[in-house]
Structure formats: structure tokens, C-alpha cells
Amino acid sequence: MARPLCLPLLLLAALPAALVADEDRILLSPEEEDRILLSPQEQNKNILGGIRDADLSDEWVQRALHFAISKYNEATKDAYYRRLLRVLRAREQTVAGTNYFFDVEIGRTTCTKSQPNLDTCPFREQPEQQKKQFCSFQINEVPWEDRISLLKYRCRKA
């Protein structure tokens, strides 16, 4: 009776040795290979809800940035228009629409808000009158509803 169990027991005993020999070879699916080979930023690119760097040359990104500066100017009591000096960081997140996150430096111009062509207004030359600020803006845009809104912003002196 012990004889019929010998072969199955022998095979069972050899199984761990076979698994250890194959341990160095890991088989991955193509998706798993992509996850290992891609940088974290590339991994987030197509993930719903993942935050990624935004392309500043993209017209939608430019539209959201212009909207943020416009809303900032509407909210301030300063008679002078403020304009973008530089973009420190721009990111986007795909949700039900798109969230845009901007970290920018803005400066005071020589133009009052009531003047036309504010986007080309020169900056104040005297540093103390430029009143530079670092601002962070969060914009939400839902293009198919033709809706864009400033969710929050925060500014501090530069």
C-alpha cells in the first residue's frame, strides 16, 4: 500500500525545488511591464485623477491661466492691473472635466484696470511699486458644459 503513494510524494517533494529554480524568472503582462518601465509621471498620464505636468503651449491650459489672472484682478481692490511675470509650475488633473493647478509670479503694471489692451501693459519699473506676488490658483473646467471656475487661490508677497 505504501508503493502507490511513493510517486505522488516524490513529485510533491520535487515541486519546491522546481519553483525555487524558476523564482528568478518572473513573467509579467504587457501592462505590468509598462508600469515598471515608465516613469511615475508617464504612469499618471492616462490615469483618471492623476496629477501631471501641464503643457503651457496647450490652448486649454493658456485659457485656464488667463482666466485665473482675470479673476484675480476682479477680486483685488488695487486700481492697477496685474499681469503674469512667469509660470513656476503648471499641472492638470483629469476629473469630470479638468482641474488646473498654477503656481505663478505676477506683477503690477502701469495700467489701470479700466484701460484697454491690458495683456500688453508694461510693468512698473520701480521694484517697490511692482508689488510682485507668488500665487497659486486652482481652476476647474468642464468644456462640454462651457463652464470654468476658480476653485481657490492664495497669494503672498514675493
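Right above here is the structure, for reference.
These notes cover the structure that comes with them. Just so it is clear, the model here is predicted, and its values are computed rather than measured.

1. Observations concerning the pairing of strand β4 (residues 133-142)
Burial analysis of β4 places eight of its ten residues in the buried class, which makes it a mostly covered element. Where strand β3 (residues 97-112) lies against β4, nine bridges are found, and the strand directions are antiparallel. Bridged to Glu105 within β4 is Phe134. Where β4 and strand β5 (residues 147-157) come together, ten bridges link them in antiparallel fashion. By the bridge assignment, Cys135 is partnered in β5 with Cys155. Between β4 and β5, which pair antiparallel in sequence order, lie four residues; one of them, Asp146, sits at a positive phi of approximately 50°.

2. Thoughts on the packing of aromatic side chains
Summed over the entire model, instances satisfying the criterion amount to four aromatic pairs. A ring pair is formed by Tyr72 and Tyr153, whose centres lie 5.9 Å apart and whose planes are at 85°; its orientation type is edge-to-face. Remark: Tyr153 occurs in strand β5 and Tyr72 occurs in helix α4 (residues 59-75); sequence separation between them is 81 residues. Exposure remark for Tyr72: the relative accessible area of 5% places this residue in the buried category. Tyr153 gets classed as partly exposed once you look at its relative accessible area, which sits at 35%. Measuring from ring centre to ring centre gives 6.1 Å for Tyr100 and Phe102, while their planes differ by 5°; the resulting arrangement is stacked. Taken as a pair, Tyr100 and Phe102 share a single burial class, namely buried. Three or more aromatic residues joined by ring pairs form one cluster here, namely Tyr72, Phe137 and Tyr153. Positioned above the aromatic ring of Tyr80 is the side chain of Arg124, whose terminal nitrogen or guanidinium carbon lies 4.2 Å from the ring centre.

Conventions and cut-offs
- Residues numbered from 1 in each chain as written.
- Predicted model: local features only at pLDDT ≥ 70, side-chain atom pairs only at ≥ 80, totals over all residues.
- Heavy atoms only, no water.
- Buried < 20%, exposed > 50% of the residue type's maximum accessible area, 1.4 Å probe, protein only.
- Helix = DSSP H or I, 4+ residues; strand = E, 2+ residues; numbered from the N terminus.
- Pairing = 2+ DSSP bridges.
- Phe/Tyr/Trp six-rings, centres within 6.5 Å; stacked < 30°, edge-to-face > 60°.
- Lys NZ or Arg CZ within 6 Å of the ring centre and 35° of its normal.

Any functional reading would require information that these geometric values do not contain.
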